[in-house]
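Spelled out, the chains give:
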Amino acid sequence: MSKEKMNQTKGYALIVGTIHGIDGKEPRKNEWRNELSVRVKTTKENTVFIKVGGFTSSPLAVKLKPQGMETADEIPMGEVADVLAHYFKYGDSVLVRSSVDINCYKEGRLDLVANGIYACKEEIDFDSKDFEERNEVTIPMVVASKFNGNSLVAKFVNYKGDTTDKILEAEYEPIKEYLKGAEVGDLIPIMMSFVSKPIYEEGDKKEEKSTTLMGRKLGKSTKKIVGSDNKMVIIDIDVDKVVKGKYKLEEEEEVEDDDMPF
């Protein structure tokens, strides 16, 4: 791998869904950090993990705006994990704006750190025919391997210049076609989705018990969860801002990414 100094790849995320993991959950804290890991369901099946809080000495604040408030409260980063449950409860519909923390420790992760949590104007209905998922992480990637038709290795850089490699997948044909021409070292601004969905045991089915007045199906699932499908999927590319040959890199071997999410 090249020792060439690389510029930080700053990223941000917009996640809309129902928030979970608040009530009765104690933050992880010590004298340096105070944070809470929450889950936001972006569909009936998919979950995105977000960190709320951080360094106790941070000058930054997190904006919290629950239903009924005209303006958002700004809570210090080192205190927000302690008060989040006073603003939101299990299952509230929220829009979360986050920054991307590129964690290069060990195998590395891309952590989403909340800088604002806002109540949605209307409750999210995952069953609505008009429902559209909002699960968007915008960040530049440095291409670290040739696209194999389904995925490639992307390199992300933190503020120190340290890097972590992640496998990114592509599902839409226009994106696959574009990535066929990507070369190792290219800097490509992308939008991607974080995917974390349960894997069910084959043969199990959902047992529907009744139908409501408005047509919703009620019942308990007989499916047994046997694992989790975790991946990052490229959903768009800002082709006008691509920098071809930005870095001189040796091609990375695509290996299984064991440390997700994310």
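Now for a description of the structure that goes with this document.

Conventions adopted
- Residues numbered from 1 in each chain as written.
- Predicted model: local features only at pLDDT ≥ 70, side-chain atom pairs only at ≥ 80, totals over all residues.
- Heavy atoms only, no water.
- Helix = DSSP H or I, 4+ residues; strand = E, 2+ residues; numbered from the N terminus.
- Buried < 20%, exposed > 50% of the residue type's maximum accessible area, 1.4 Å probe, protein only.
- Contact = heavy atoms within 4.5 Å.
- Areas by Shrake-Rupley, 256 points an atom, 1.4 Å probe, with all protein chains shown as cover.
- Core = buried A, V, L, I, M, F, W, Y, C linked by side-chain atoms within 4.5 Å.
- Salt bridge = Lys/Arg side-chain N within 4 Å of Asp/Glu carboxyl O.
- Phe/Tyr/Trp six-rings, centres within 6.5 Å; stacked < 30°, edge-to-face > 60°.
- Lys NZ or Arg CZ within 6 Å of the ring centre and 35° of its normal.
- Arc of directions from axis to C-beta.
- Pairing = 2+ DSSP bridges.
- Polar contact = N/O pair within 3.5 Å; in protein donor to acceptor, adjacent residues only side chain to side chain.

## Remarks on the overall build of the protein
Piece 1. Helices and strands together make up the secondary structure of the protein, namely two helices and 15 strands.
Piece 2. The buried share of the protein, taken over its 262 residues, is 42%.
Piece 3. Here the analysis covers contacts within the protein between residues at least 6 apart in sequence; of these, 67% occur between residues at least 24 apart.
Piece 4. Surface summary for the protein: the accessible area is close to 15200 Å², and the carbon and sulfur share equals 48%.

## What about the nonpolar core?
Piece 1. Judged by nonpolar contacts, the single largest core of 48 residues is most densely connected at Met141, Leu168, Leu179 and Met192.
Piece 2. In contact with Met192, other than residues within four places in its own chain, are Leu110, Asn135, Glu136, Val137, Ile139, Phe156, Leu168, Met232, Val233, Ile234 and Ile235.

## Quick look at the pattern of salt bridges
Piece 1. One pass over the structure, following the stated rule, counts 18 salt bridges.
Piece 2. Salt-bridge contacts for Lys51 lead to Asp111; the nearest nitrogen and oxygen are separated by 3.3 Å. Here Lys51, found in strand S4 (residues 47-55), pairs with Asp111, found in strand S8 (residues 109-119); they are 60 residues apart in sequence, far enough to count as distant. Each member of the pair, Lys51 together with Asp111, is buried.
Piece 3. Taken together, the salt bridges that share partners define one network made up of Arg28, Arg33, Glu35, Lys51, Arg109 and Asp111.

## Some points on the packing of aromatic side chains
Ring pairs (aromatic) are described by centroid distance and by the angle formed between their planes.
Piece 1. Counting across every chain of the model gives one aromatic pair.
Piece 2. Judged by centre distance (5.2 Å) and plane angle (90 degrees), the rings of Phe126 and Phe131 are edge-to-face.
Piece 3. Judged by its relative accessible area of 18%, Phe126 is buried.
Piece 4. Accessibility expressed as a relative area gives 26% for Phe131, which makes it partly exposed.
Piece 5. Above the plane of the ring of Phe55 lies Arg33, whose end atom (NZ or CZ) is 4.3 Å from the centre.

## A word on helix H1 (residues 80-87)
Piece 1. Within H1, burial applies to Val80, Ala81, Leu84 and Tyr87. Down the axis of H1, the smallest arc covering the buried residues is 95 degrees, so these residues share one side.
Piece 2. Where H1 is buried, its residues meet strand S3 (33-41), S4, strand S5 (61-65), strand S6 (73-76) and S8.

## Describing the pairing of strand S12 (residues 187-200)
Piece 1. Direction of pairing for strand S9 (residues 134-143) relative to S12: antiparallel, over a ladder of six bridges. Paired with Val142 across the two strands is Leu187, which belongs to S12.
Piece 2. When S12 meets strand S15 (residues 225-237), the two strands line up antiparallel, connected through 11 bridges. Each bridged residue has a counterpart across the sheet, and for Val195 the counterpart in S15 is Lys231.

## Observations regarding the side chain of Asn103
Piece 1. Tracing the chain through its elements places Asn103 in strand S7 (residues 93-103).
Piece 2. At a separation of 3.0 Å, a polar atom in the side chain of Asn103 contacts the main-chain amide nitrogen of Tyr105.
Piece 3. Non-local contacts of Asn103, meaning those with residues more than four positions away in its chain, are made with Gly108, Arg109, Asp111 and Thr164.

## Here's the deal with the side chain of Lys166
Piece 1. With respect to the element layout, Lys166 can be found in strand S11 (residues 163-170).
Piece 2. Among the residues examined, Lys166 registers a relative accessible area of 0% and is labelled buried.
Piece 3. Among the polar contacts listed, one links the side chain of Lys166 to the backbone oxygen of Gly108, at a separation of 3.2 Å.

## As for the environment of Lys89
Piece 1. Considering the arrangement of structural elements, one finds Lys89 in the loop between H1 and S7.
Piece 2. Note on Lys89: relative accessible area 52%, which makes it exposed.
Piece 3. The sequence separation of Lys89 and His20 amounts to 69 residues, and the corresponding C-alpha distance is 7.7 Å.
Piece 4. In contact with Lys89, not counting residues within four places along its chain, are Ile19 and Asp23.

## Points about the pairing of S4
Piece 1. Most of S4 sits out of view: seven of its nine residues are buried.
Piece 2. As paired elements, S3 and S4 share nine bridges and run antiparallel to each other. The residue bridging Glu35 from the neighbouring strand is Gly53, located in S4.
Piece 3. In this antiparallel pair of consecutive strands, S3 and S4, the connection spans five residues.

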